[in-house]
Amino acid sequence: MLSAKEFKTLFDQKYVPLCLFTNKYINDIEVSKDIVQDVFIKIWAKKITFRDKNCIHSYLYKSVKNKSLDYLKSSRYKFSEALSDHDMARLESDSYFYREIAVIETSDMIDDAINTLPKKCAQIIRLSMKGLTNLSVAEELEISHNTVKAQKKIAYRRLKPLLGGIYMMGLVFISTLSNFNL
Amino acid sequence: MRIFQRIIEFSRSIASSKIEGATLKGLKTSDLFTNEDIDYIQKNLSDADLLKERHLLKRQINKDKDFKKLQDQLSIPKSKIRWNYVAVAILVGIIVSSVIITSSPVNHSFQDEVFLPDAINPGTDKATLTLEDGSKIQINKDTELTTKSANIKGKQIVYNNSTATLNDTKYNYLTIPRGGQFSIVLSDGTKVWLNSESQLKYPIKFIEGTPRVVELIYGEAYFDVSPVSENQAADFHVLHNDHAIQVLGTEFNLKSYKDESKIYTTLVEGEVTINFKEKKHLLSPNEQSVLNLHNNKLTVSKVDVYAETSWKDGIFAFEKKPLKEIMAVLSRWYDIKVIFTKSDVSDKRFYGALRKDQNITSILERIKEYDIIKEYEIKGKTIVLR
């Protein structure tokens, strides 16, 4: 079961991504927030125990999905909005579920990784990811083309361990193999 | 659950490719994700409108406010009986997990259990300024003050280049405690960032035409020195005991903590000369000199400048550093004491990047998750790693 500190940490890490994820079902951010909060409350109030981090996250996504579908099928919602059978089937599908998780998790990983870079470097990477060429980035930020290339190289070197290895928000530990008894 | 793990791994490979700017076409499809799915994910990560939409949605979410709402909700018992049940459950949880978060008695109300402020917090911007007459001013990020020679606002003290000429140089001291940091702009425009547990002595105004001299009494400072060309060709010197750095308009980091026997000078840009016991050493950018105070030997090597100086930008970065060194850095910022019960653990080396505003508990949880330590225990301001 989660300690108070672990609970707060979990909330800090997952609350916003889960609200965005839930909104993909509900399309109403206020209701989405309520749903996510209800799930967190349940975890605490029922003292649910988890085996590891993946279990917790998996539980969170499944719970908000189920609660969202319940809401969409509720009479209250149906009275005012109502989804077509086709739309409903889409939302209920596994592929929609997996896809949206991937979008949220990936964008979180990218944001967290980039946030460990110095400001200018982070700016360069963000613009590059939007599809800008090195020249366009250089123009946009009023720096040299070479600076852009050099900064990108530094960024990849720095971020590779973060994303290639075992990744956790804001912190990566990769021990050198010689010191680790595998 | 295995499906979820696969989704996470897939997300990680997408994130990696995206950052590298590599095409996602190479990504393998599976029973979980088709090409269409990959395109969809790709679009959601780079389309400007979709990104903007997500950004706008995020702004409508106030995480801290909503957490407070949760705390309130969780502390309002539906019935008295239920409250007692929950209080007992917490007690059991604490004993079983053997992680002591607070040493307060456990029959606290539910609300206090969630509320209780950490004894351990990340550092903040704070310092003590000692004026020329010996008086001391406590400064933090909310301080706003103007004196004859300086303006204090935000996380900075800015010294003005007041026209009054001084016949003898008057000095101020800036002292940063453990758990603090601060930055200062000297009267010539030189910017200095000071890390936890550091003290800098400097004149309130540099006299024109004469060498500009400051002294790092102890600790760590990052200097962005105003060029010689803009200061009537006056050199800039940083003194520290017998170790003197002569600067020619440049950026470098000087580290010499009281509890360590080495002085580290890292050059980011420009040129510096280190003078020690009548020997001169010239440093080039990306080089670091280490002076060992035990044998007075000075060695120079190439380093990752970012890892050595990222502290001033709010990040701790470690390149192949032993855990005990990582803990030493964290102990100054969080103002804690760290005890290892096994010495082989403290020697393990790591790469890492940490945001300085993180909770110490989340850092310790990570270390525990990697099986580097079996358990950690927090007792007030002391952490024991097993």
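Predicted, not measured: the structure shown is a model, and the values here were computed from it. (Residues numbered from 1 in each chain as written. Chains lettered and ligands numbered in written order. Predicted model: local features only at pLDDT ≥ 70, side-chain atom pairs only at ≥ 80, totals over all residues. Heavy atoms only, no water.)

This part covers the packing of aromatic side chains. With the rule as written, the count across this model stands at 20 aromatic pairs over all chains. Through a chain of ring-to-ring contacts, the aromatic side chains of Phe21, Tyr25, Tyr61, Tyr96, Phe97 and Tyr98 of chain A together with Phe4 of chain B assemble into a single cluster. Here the guanidinium or amino end of Lys65 of chain A rests over the ring plane of Phe97 of chain A, the centre of that ring lying 4.6 Å away. Directly above the ring of Tyr171 of chain B sits Lys201 of chain B, whose terminal nitrogen or CZ lies 4.7 Å from the centroid. (Phe/Tyr/Trp six-rings, centres within 6.5 Å; stacked < 30°, edge-to-face > 60°. Lys NZ or Arg CZ within 6 Å of the ring centre and 35° of its normal.)

The grouping of Asp28, Asp34, Asp38 and Glu81 of chain A at the surface amounts to a negative patch. Its place among the elements puts Asp34 of chain A in helix 2 (residues 29–45). (Patch = residues over 30% accessible without salt bridge, like charges linked within 9 Å, V, L, I, M, F, W, Y side chains within 5 Å. Areas by Shrake-Rupley, 256 points an atom, 1.4 Å probe, with all protein chains shown as cover. Salt bridge = Lys/Arg side-chain N within 4 Å of Asp/Glu carboxyl O. Lys, Arg positive; Asp, Glu negative; His and termini not counted. Charge placed at Lys NZ, Arg CZ, Asp CG, Glu CD. Helix = DSSP H or I, 4+ residues; strand = E, 2+ residues; numbered from the N terminus.)

A word on the confidence of the model for chain A. A low pLDDT score tells you not to read the predicted coordinates there in detail. Here chain A shows a mean pLDDT of 81. Residues at 70 or above account for 86%. Counted against residues more than four places away or in other chains, residues 165–182 of chain A, with its pLDDT under 50, gives 55 contacts. (pLDDT = per-residue confidence, 0-100. Contact = heavy atoms within 4.5 Å.)

Turning our eyes to something else, we now look at the environment of Lys320 of chain B. In this fold, Lys320 of chain B is placed in strand 19 (residues 315–322). Residues Lys320 of chain B and Arg349 of chain B, spaced 29 residues apart in sequence, show a C-alpha to C-alpha distance of 5.2 Å.

What follows is about the packing of helix 1 (residues 2–20) of chain B against helix 2 (residues 35–46) of chain B. Residue and element names in this part refer to chain B. Interhelical geometry of helix 1 versus helix 2 gives an angle of 50° and a closest axis separation of 12 Å. In terms of their interaxial angle, helix 1 and helix 2 are classed as oblique. The handedness of the crossing between helix 1 and helix 2 comes out as right-handed. Contacts from Phe10, Ile14 and Lys18 in helix 1 reach Ile38, Ile41, Gln42, Leu45 and Ser46 in helix 2. Considering only residue class, the contact of helix 1 with helix 2 consists of 5 nonpolar, 2 polar and 1 charged. (Axes fitted to C-alpha atoms, helices over the stretch in contact; angles between N-to-C directions. Parallel < 35°, antiparallel > 145°, perpendicular 65-115°, else oblique. Left-handed = near helix turned anticlockwise from the far one by under 90°. Nonpolar A, V, L, I, M, F, W, Y, C, P; charged D, E, K, R; others polar.)

Residue and element names in this part refer to chain B. Judged by which residues are buried, strand 4 (residues 150–153) turns out to be one-sided: Ala150 and Ile152 face inward and are buried, whereas Asn151 and Lys153, on the alternate face, are not. Of the strand pairs in this sheet, strand 3 (residues 145–146) and strand 4 are connected by 2 bridges, and their pairing is antiparallel. Each residue of the ladder has a partner; that of Thr146, found in strand 4, is Asn151. With antiparallel pairing between neighbouring strands as the criterion, strand 3 and strand 4 make up a hairpin whose turn holds 3 residues. Alignment of strand 4 against strand 5 (residues 156–159), held across 4 bridges, turns out to be antiparallel. Paired with Lys153 across the two strands is Gln156, which belongs to strand 5. Linking two consecutive strands that pair antiparallel, namely strand 4 and strand 5, is a turn of 2 residues; a positive phi of about 65° is found at Gly154 within it. (Buried < 20%, exposed > 50% of the residue type's maximum accessible area, 1.4 Å probe, protein only. Pairing = 2+ DSSP bridges.)

Moving on: the confidence of the model for chain B. For chain B, per-residue confidence averages 79 on the pLDDT scale, and 83% of positions sit at 70 or higher. When pLDDT is averaged over each element of chain B, strand 9 (residues 198–203) of chain B comes out on top at 94 and helix 5 (residues 80–97) of chain B at the bottom at 32.

Here we come to the pairing of strand 9 of chain B. All names here are of chain B. The buried fraction of strand 9 amounts to 6 of the 6 residues, a majority that puts the element mostly inside the structure. Burial of strand 9 is two-sided: the residues Ser198, Leu200 and Tyr202 facing one way and the residues Gln199, Lys201 and Pro203 facing the other way are all buried. Across 6 bridges, the pairing between strand 6 (residues 171–176) and strand 9 is antiparallel. Across the sheet, Tyr171 pairs through a bridge with Pro203, a residue of strand 9. Relative to strand 10 (residues 212–224), strand 9 runs antiparallel, the two sharing 3 bridges. In the strand pairing of strand 10, Gln199 is matched with Tyr218.

Another point: the pattern of salt bridges. Residue and element names in this part refer to chain B. Under the counting rule described, the total for this entry stands at 25 salt bridges over all chains. In this structure, the salt-bridge partner of Glu197 is Arg332, at a minimum N-O distance of 3.6 Å. With Glu197 in the loop between strand 8 (191–194) and strand 9 and Arg332 in helix 8 (residues 323–334), this pair connects stretches of sequence that are 135 residues apart. Between Asp335 and Lys381 there is a salt bridge whose closest N-O contact spans 3.6 Å. Taken together, the positions of Asp335 in the loop between helix 8 and strand 20 (337–340) and Lys381 in the loop between strand 22 (376–379) and strand 23 (382–385) put the pair 46 residues apart, joining distant regions of the chain. The class for Asp335 is partly exposed, based on a relative accessible area of 27%. Where salt bridges share partners, they join Arg178, Glu197, Asp259, Glu260, Arg332, Asp335 and Lys381 into one cluster.

Residues and elements named next belong to chain B. Topologically, Gln199 is positioned in strand 9. Along the primary structure Gln199 and Tyr173 are separated by 26 residues, whereas in three dimensions their C-alpha atoms are 6.9 Å apart. Look past the residues within four positions of Gln199 in its chain and what remains in contact with it is Tyr173, Leu174, Thr175, Glu215, Leu216, Ile217 and Tyr218.

Residue and element names in this part refer to chain B. Read across the sheet, 3 strands follow the order 20-23-22 without closing on themselves; strand pairing throughout is mixed. Strands at the two margins of the open sheet, each flanked by one partner only, are strand 20 and strand 22. Shown here is a sheet whose adjacent strand axes are inclined to one another by a mean of 20°, direction ignored. For strand 22 and strand 23, the ladder comprises 4 bridges, and the chain directions are antiparallel. The partner of Tyr376 across the bridge, within strand 23, is Leu385. Helix-sheet contacts for helix 8 involve strand 20 and strand 23, and the interaxial angle to strand 20 is about 160°.

In helix packing, the relevant descriptors are the interaxial angle and the interaxial distance, both defined with respect to the helix axes. Residue and element names in this part refer to chain B. Between helix 2 and helix 3 (residues 48–59), whose axes approach to 5 Å, the crossing angle comes to 65°. By the angle between their directions, the pair helix 2 and helix 3 is classed as roughly perpendicular. For the pair formed by helix 2 and helix 3, the contact residues are Lys43, Asn44, Leu45 and Ser46 on the first element and Ala48, Leu50, Leu51 and Arg54 on the second. Within the contact of helix 2 with helix 3, the residues separate by chemical class into 4 nonpolar, 2 polar and 2 charged.

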